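# Reading the structure
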Amino acid sequence: MICLLGGTFDPVHVGHLHAARSVCDALRLTAIRLLLSARPGHRGAPGASVSQRWDMLKLACADDDRLVPDDLEVRRARRVGRPSYTVETLLEIRAAAPEAVVAWVVGSDAYREITTWFRWREVLTLANLVVLQRPGAPMALPEELEALTRERQVDCDFRAPAGAVRVLDLPMLDVSATAVRGALAESGRNPAMARRAADLLPPAVYTYINQYHLYGVVSDV
Ligand code: ATP
């Protein structure tokens, strides 16, 4: 099975890594690809460039063979000169592996928004979806998506290459990149926030952020 967790990873945090490892355990996978989105990161605040987000993703995955950083989407965005869409990424993956079972992992916050994705119905013809119940993002779905979820939901391993939805009720960490950026921006003035940021990030990513003064970090810790 080809399993992908796509994200802006601005920055990658312990919630992402826990989610990826939990999916590997639940689906008995040897690997999950963490696919960096070429979309710009958080706007209007100090952030990280695509190449810095990529560096951090590689650092975060370095200690666990199951976590495979993937820059396929970023490379295509550079080729075509614009950010690319999930459906285009999946078309590329599908072209390379026409028969493979593909699973695209999303948190419940992202799943709720999926009907706003470009050509979202096509996404389900190219991949199965794994939905993780994210703390603070209950599975209240728009009507159309609720109906589709009822229709497509499975509780066992995916059998078809695409088209099914599996909601995994696994404990997730209540961490978001928004909260991480907030803690980092305060960390220079407030040591408690520096400790909080350190708790929410893989150690090598925390060190990288401090080294390059990302997200408004003003002092080396
Ligand atoms: P932001 O706070 O900037 O919106 P984020 O923490 O949601 O960022 P993303 O890179 O946007 O991070 O997330 C990528 C994917 O990982 C999304 O599908 C999201 O729902 C999921 N995800 C992020 N954090 C968690 C978490 N703590 N538990 C489970 N899934 C998560």
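For the structure given in this document, a descriptive report is provided here. Worth saying up front: this structure is predicted, and the values here are computed from it rather than measured. (Residues numbered from 1 in each chain as written. Predicted model: local features only at pLDDT ≥ 70, side-chain atom pairs only at ≥ 80, totals over all residues. Heavy atoms only, no water.)

### Quick look at the nonpolar core
Within soluble globular proteins, side chains that are nonpolar tend to cluster in buried spots. Ile32, Leu34, Met56, Leu184 and Ile209 are the most contacted members of the largest nonpolar core, which totals 48 residues. The element best represented in this core is helix α1 (residues 14–27), accounting for six residues. Among all residues touching Leu34, those that are not within four sequence positions of it are Leu5, Phe9, Leu17, Ala20, Leu57, Cys61, Leu67, Val68, Pro69 and Asp70. Ranked by size, the runner-up nonpolar core spans 25 residues in total, among them Leu4, Leu145, Leu148 and Val165. (Core = buried A, V, L, I, M, F, W, Y, C linked by side-chain atoms within 4.5 Å. Buried < 20%, exposed > 50% of the residue type's maximum accessible area, 1.4 Å probe, protein only. Helix = DSSP H or I, 4+ residues; strand = E, 2+ residues; numbered from the N terminus. Contact = heavy atoms within 4.5 Å.)

### Describing the pattern of salt bridges
All told, the structure shown has 17 salt bridges when counted by the stated rule. The salt bridge partner of Asp109 is Arg134, with a shortest N-O separation of 2.8 Å. A residue pair is termed long-range when its members are at least 10 positions apart, and Asp109 in helix α5 (residues 108–112) and Arg134 in the loop between β5 (128–132) and α7 (143–152) qualify at 25 residues. Here Arg134 falls in the partly exposed class, since its relative accessible area comes to 27%. Close ionic contact of Arg189 with Glu186 constitutes a salt bridge, the shortest N to O distance being 3.1 Å. Salt bridges here are not isolated pairs; linked through shared partners, they connect Arg21, Asp25, Asp64 and Arg66. (Salt bridge = Lys/Arg side-chain N within 4 Å of Asp/Glu carboxyl O.)

### Let's talk about the pairing of β5
In terms of burial, β5 is largely enclosed, as five of its five residues are buried. Residues Asn128, Val130 and Leu132 point to one face of β5 and Leu129 and Val131 to the other, with burial holding for every one of them. Here strand β4 (residues 102–107) pairs with β5 via five bridges, running parallel. Within β5, the residue paired with Val105 across the bridge is Val130. Bridge count between β5 and strand β6 (residues 165–168): four bridges; the pairing is parallel. What sits directly across from Val131, in β6, is Val167. After leaving β5, the chain enters α7 and then returns to the sheet as β6, a path that is right-handed. (Pairing = 2+ DSSP bridges. Right-handed = clockwise from strand over helix to strand, strands pointing away.)

### As for the site of the ligand
Taken together, 21 residues lie around the ligand, and Asp109, Arg134, Leu173, Ala177 and Thr178 are the ones closest in. His16 is positioned such that a nitrogen or oxygen atom in its side chain is 2.9 Å from an oxygen atom of the ligand. Here a nitrogen atom of the ligand sits 3.0 Å away from a polar atom, N or O, in the main chain of Val175. The protein chains hide 86% of the 610 Å² of surface that the ligand would expose on its own. Elements that contribute at least two residues to the shell around the ligand include exactly β1 (2–7), α1, β4, α5 and α8 (177–186). Each residue belonging to the shell around the ligand can be placed in one class, and the counts come to nine nonpolar, nine polar and three charged. (Near = heavy atom within 4 Å. Polar contact = N/O pair within 3.5 Å; in protein donor to acceptor, adjacent residues only side chain to side chain. Areas by Shrake-Rupley, 256 points an atom, 1.4 Å probe, with all protein chains shown as cover. Nonpolar A, V, L, I, M, F, W, Y, C, P; charged D, E, K, R; others polar.)

### Observations regarding the environment of Asp64
Locating Asp64 in the fold gives a position in the loop between α2 (50–61) and β3 (67–70). Along the backbone, Asp64 and Ala31 are 33 residues apart, and their C-alpha atoms lie at a distance of 9.5 Å. Reaching out from Asp64, the side chain makes a polar contact with the side chain of Arg21 at a distance of 2.7 Å. One polar contact links the side chain of Asp64 to the main-chain amide nitrogen of Arg66, over a distance of 3.0 Å.

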